[in-house]
Amino acid sequence: MKADVTTLDAGKAGSVELLDEVFALEPRADILHRMVSYQLAKRQAGTHKTKGRSEIAATGKKFVRQKGSGGARHGDRKAPQFRGGGKAFGPVVRSHTIDLPKKVRALALRHALSSKAKSDNLVIIDEAKLAEPKTKAAKEAFAKLGLSNALIIDGAELDSNFAKAASNIPNVDVLPVQGINVYDILRREKLVLTKAAVESLEARFK
């Protein structure tokens with residue numbers, strides 16, 4: 001499939017041929033859902049922890065006599081029902097990561113790219129560079145391109161001026177091509193790829 005290439009000033013910069021096996025698939029919601037669930041689960045720290053009954057530093061002495069108190073027959077104060085006692089079935093340190101085959105993860109990225117292309121939310125620009133790290137210049141360029149909520153993917157290295165200028169703009173993310181992922185693609189309305197990013201992605205999936 002063919003796609004028009006524009007400049008940051010919304011001028012024409014020719015066209016580029018996109019691989020059908022990367023940008024022209026029929027998007028599958030189930031694969032995208034599995035990948036987003038995988039990503040969100042993987043980034044959870046899993047460091048939440050409460051102390052169980054066996055971890056509380058308290059005496060194990062029976063604090064009330066067995067009969068005659070008029071209350072329940074308790075052992076020690078480390079029981080969960082007492083203030084300062086252990087937590088019953090509390091969270092423990094663990095990994096939330098779920099398994100997802102590498103081939104499914106690669107397929108999910110292709111489906112995410114295809115979903116943006118199919119919905120006309122894919123923009124190809126020749127390069128993402130600015131002469132100065134000025135947020136005003138970046139906002140003016142994005143306004144010309146109609147970008148208010150976008151993920152911008154450049155080549156292996158980002159232009160420092162462009163990255164600094166865009167970092168102050170809400171709802172706009174800038175990533176190198178090796179950082180592209182399904183969750184960030186889907187959470188933004190527009191996907192902007194530079195020609196360098198397109199070449200890297202196509203080389204990756206060939």
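**Details of the nonpolar core**
Part 1 of the argument: Of all hydrophobic cores here, the largest spans 33 residues; its most connected members are Leu 113 and Leu 193.
Part 2 of the argument: With 6 residues, the top contributor of residues to this core is helix α3 (residues 102-118).
Part 3 of the argument: The contacts of Leu 113, once residues within four sequence positions are left out, are Val 22, Phe 23, Ile 180, Ile 185, Leu 191 and Leu 201.
Part 4 of the argument: Core analysis: the second largest hydrophobic core is formed by 19 residues, Leu 8, Ile 125, Leu 147 and Val 174 among them.

**Points about the packing of aromatic side chains**
Part 1 of the argument: Scanning all chains against the criterion turns up 2 aromatic pairs.
Part 2 of the argument: Between the aromatic rings of Phe 63 and Phe 82, the centroid separation amounts to 5.4 Å while the plane-to-plane angle is 90°, which identifies the pairing as edge-to-face. Here Phe 63 is found in the loop between α2 (29-42) and α3, whereas its partner Phe 82 is found in the loop between α2 and α3, with 19 residues between them in sequence.
Part 3 of the argument: For Phe 82, a relative accessible area of 16% gives the class buried.
Part 4 of the argument: The ring of Phe 63 has Arg 77 sitting right over it, with the charged end atom 4.0 Å from the ring centre.
Part 5 of the argument: We note Arg 77 situated over the ring of Phe 82; from NZ or CZ to the ring centre the distance is 4.9 Å.

**Considering unusual backbone geometry**
Part 1 of the argument: Although it is not a glycine, Ala 10 sits at a positive phi angle of roughly 70°.
Part 2 of the argument: Mapped onto the elements, Ala 10 comes out in the loop between β1 (2-6) and β2 (12-17).
Part 3 of the argument: Looking at Ala 10, the relative accessible area reads 40%, which means it is partly exposed.
Part 4 of the argument: With phi around 55°, Phe 89 is a residue other than glycine that occupies positive phi space.

**What about the packing of α3 against helix α7 (residues 195-205)?**
Part 1 of the argument: Between α3 and α7, whose axes approach to 12 Å, the crossing angle comes to 140°. Classified by the interaxial angle, the pair formed by α3 and α7 is oblique. Relative to α7, α3 is oriented so that their crossing is left-handed. Taking contact as the criterion, the partners of Ala 106, Leu 109, Arg 110 and Leu 113 in α3 are, on α7, Leu 201, Arg 204 and Phe 205.
Part 2 of the argument: Among the residues forming the contact of α3 with α7, the class breakdown is 5 nonpolar, no polar and 2 charged.

**A look at the pairing of strand β4 (residues 150-154)**
Part 1 of the argument: In terms of burial, β4 is largely enclosed, as 5 of its 5 residues are buried.
Part 2 of the argument: Burial of the side chains of β4 extends over both faces: Ala 150, Ile 152 and Asp 154 are buried on one face and Leu 151 and Ile 153 on the other.
Part 3 of the argument: The parallel pair β4 and strand β5 (residues 172-176), bridged by helix α5 (residues 160-166), forms a crossover whose chirality is right-handed.
Part 4 of the argument: In terms of strand pairing, β4 meets strand β6 (residues 190-194) through 4 bridges, oriented parallel. Residue pairing across strands places Ala 150 opposite Lys 190, the latter belonging to β6.

What counts and what doesn't
- Residues numbered from 1 in each chain as written.
- Predicted model: local features only at pLDDT ≥ 70, side-chain atom pairs only at ≥ 80, totals over all residues.
- Heavy atoms only, no water.
- Core = buried A, V, L, I, M, F, W, Y, C linked by side-chain atoms within 4.5 Å.
- Buried < 20%, exposed > 50% of the residue type's maximum accessible area, 1.4 Å probe, protein only.
- Helix = DSSP H or I, 4+ residues; strand = E, 2+ residues; numbered from the N terminus.
- Contact = heavy atoms within 4.5 Å.
- Phe/Tyr/Trp six-rings, centres within 6.5 Å; stacked < 30°, edge-to-face > 60°.
- Lys NZ or Arg CZ within 6 Å of the ring centre and 35° of its normal.
- Axes fitted to C-alpha atoms, helices over the stretch in contact; angles between N-to-C directions.
- Parallel < 35°, antiparallel > 145°, perpendicular 65-115°, else oblique.
- Left-handed = near helix turned anticlockwise from the far one by under 90°.
- Nonpolar A, V, L, I, M, F, W, Y, C, P; charged D, E, K, R; others polar.
- Right-handed = clockwise from strand over helix to strand, strands pointing away.
- Pairing = 2+ DSSP bridges.

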